[in-house]
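# Structural overview
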Amino acid sequence: MATHHDHDLPVGEIPKPQTKAIWKTFIILVVVTAIEFAFAFAMDAGTARNAIFIILTIVKAFYIVAEFMHLKHETKALIWCIILPMALVAWLMVALISEGSYYFESITNYFN
Amino acid sequence: MSTSTTLEAPKKGTWDGGNEPLKASYGKLMMWFFLLSDAFTFGAFLIVYGLSRHKHLPYTGEPEAFTFSTEYWPIPEKVFNAFPGLHGMDLPLAFVALMTMILILSSVTMVLAVEAGHRMDKNDVQKWLLWTILFGATFLGCQAWEWAHFISGTDEGMLLADGTRVFGANLTINQYGPPLFADLFFFITGFHGTHVFSGVVLLIMIFINTVNGVYHNRGHYEMVEKVGLYWHFVDLVWVFVFTFFYLI
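Because the structure is a prediction, the values reported are computed rather than measured.

### Notes on the side chain of Lys28 of chain B
All names here are of chain B. One can find Lys28 in helix α2 (residues 26–54). Overall, the relative accessible area of 18% leaves Lys28 in the buried class. Of note is the side chain of Lys28, whose polar atom sits 2.7 Å from the side chain of Glu225. When sequence neighbours within four positions are dropped, the list of residues in contact with Lys28 reads Glu222, Glu225, Lys226 and Leu229.

Here it is as structure tokens:
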């Protein structure tokens, strides 16, 4: 490996770390998780609480993907390549959950 | 040494790897598309969970009066309320909160390793990679405990109609609720745990490479970025598993 030393950066030229944005994102993630727990104990289960959970989850997902995975700073085309298929998955989820409710309705109301 | 230098020299021709679609390097682009396909798999798991849950009877009584039964889907807070070393105490979601914090923290140390890689700071990359490996391994240990507890069951178990009791869960019998609940627990958290395990293996590999100076001599730490993308994805999946399995 000694032959490679001419490619190395001179010692002492390592710039200072720029970690402010990273820790900011970390604090946001921790706070949002704490809020989720607060809702889990302070609020009764129901559609409203579930909606709050899903919205807060999407907020967390946004910060992880945009900041940690750096997607926010990629080209627009790449961003859409990732987001559009996932939007379709979310749609499938909504469709199949209502399908599950319908199935439950059917077996409880029509076959008893 | 000269052979390895020519092998690692960047190719410049348009059809030779020099052209970068979407202005992302080949490796990162492929990692993004792999993660997208992996997200479909996890999405399918969570969709099946949602569907199965909605086709089962929900528990409608008072949360305080909740008992385990195969008749209705259990309340997650009543299932996941144990903590290692605090036997018999009702601590709903406390352990899973700890696991979530560990994984978020590991994501932060990973992004710090990537940041150190941009600055070609070998020592910092090593330091943050080690922290990430440590948190990842801790998370795996927590999950092993969670599984062991889920499989062996609680002291009371579930009282059946014929007076016998069922303890713990496997793929066919489940003290916490319908068997499908345990099956989905094993498959969803198991598949996620497998990803964490693969991630820890990848992290150990790039840690060894970093210590040996492979990336420093290559002139960039892009491999750390690519493994970082994978690691953040594992964290991202946990965020969704946490919401859909433990909170809702």
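Next comes the rest of the write-up.
### With respect to the confidence of the model for chain A
Here chain A averages 85 in pLDDT, while 88% of its residues score no lower than 70. When pLDDT is averaged over each helix and strand of chain A, the minimum, 91, is found for helix α3 (residues 76–109) of chain A and the maximum, 93, for helix α2 (residues 47–68) of chain A.

### Some points on the interface of chain B and chain A
Interface size, as often reported, equals the accessible area lost upon joining of the parts. Facing 54 residues of chain B, the contacting portion of chain A comprises 52 residues. Of the roughly 4900 Å² buried at the junction of chain B and chain A (both faces included), carbon and sulfur atoms supply 79%. Counting across the interface, chain B meets chain A through five residue pairs in polar contact (both at pLDDT 80 or more). For the side of chain B that touches chain A, the secondary structure elements donating two or more residues are α1 (2–8), α2, α4 (94–118), α7 (214–218) and α8 (222–247) of chain B. When residues of the side of chain B that touches chain A are assigned to their parent elements, the largest contribution, 13 residues, is made by α2 of chain B. Here the residues of the side of chain B that touches chain A are counted per class, giving 34 nonpolar, twelve polar and eight charged.

### A short note on the environment of His232 of chain B
Secondary-structure assignment places His232 of chain B in helix α8. Accessibility expressed as a relative area gives 1% for His232 of chain B, which makes it buried. Measuring from C-alpha to C-alpha, the distance between His232 of chain B and His149 of chain B comes to 27 Å, with 83 residues separating the pair along the chain. Residues contacting His232 of chain B, with those up to four places away along its chain left out, are Ile64, Phe68 and Met69 of chain A together with Ser107, Met110 and Val111 of chain B.

What counts, and where the lines are drawn
- Residues numbered from 1 in each chain as written.
- Chains lettered and ligands numbered in written order.
- Predicted model: local features only at pLDDT ≥ 70, side-chain atom pairs only at ≥ 80, totals over all residues.
- Heavy atoms only, no water.
- Helix = DSSP H or I, 4+ residues; strand = E, 2+ residues; numbered from the N terminus.
- Buried < 20%, exposed > 50% of the residue type's maximum accessible area, 1.4 Å probe, protein only.
- Polar contact = N/O pair within 3.5 Å; in protein donor to acceptor, adjacent residues only side chain to side chain.
- Contact = heavy atoms within 4.5 Å.
- pLDDT = per-residue confidence, 0-100.
- Buried area = accessible area lost by both parts, 1.4 Å probe.
- Nonpolar A, V, L, I, M, F, W, Y, C, P; charged D, E, K, R; others polar.

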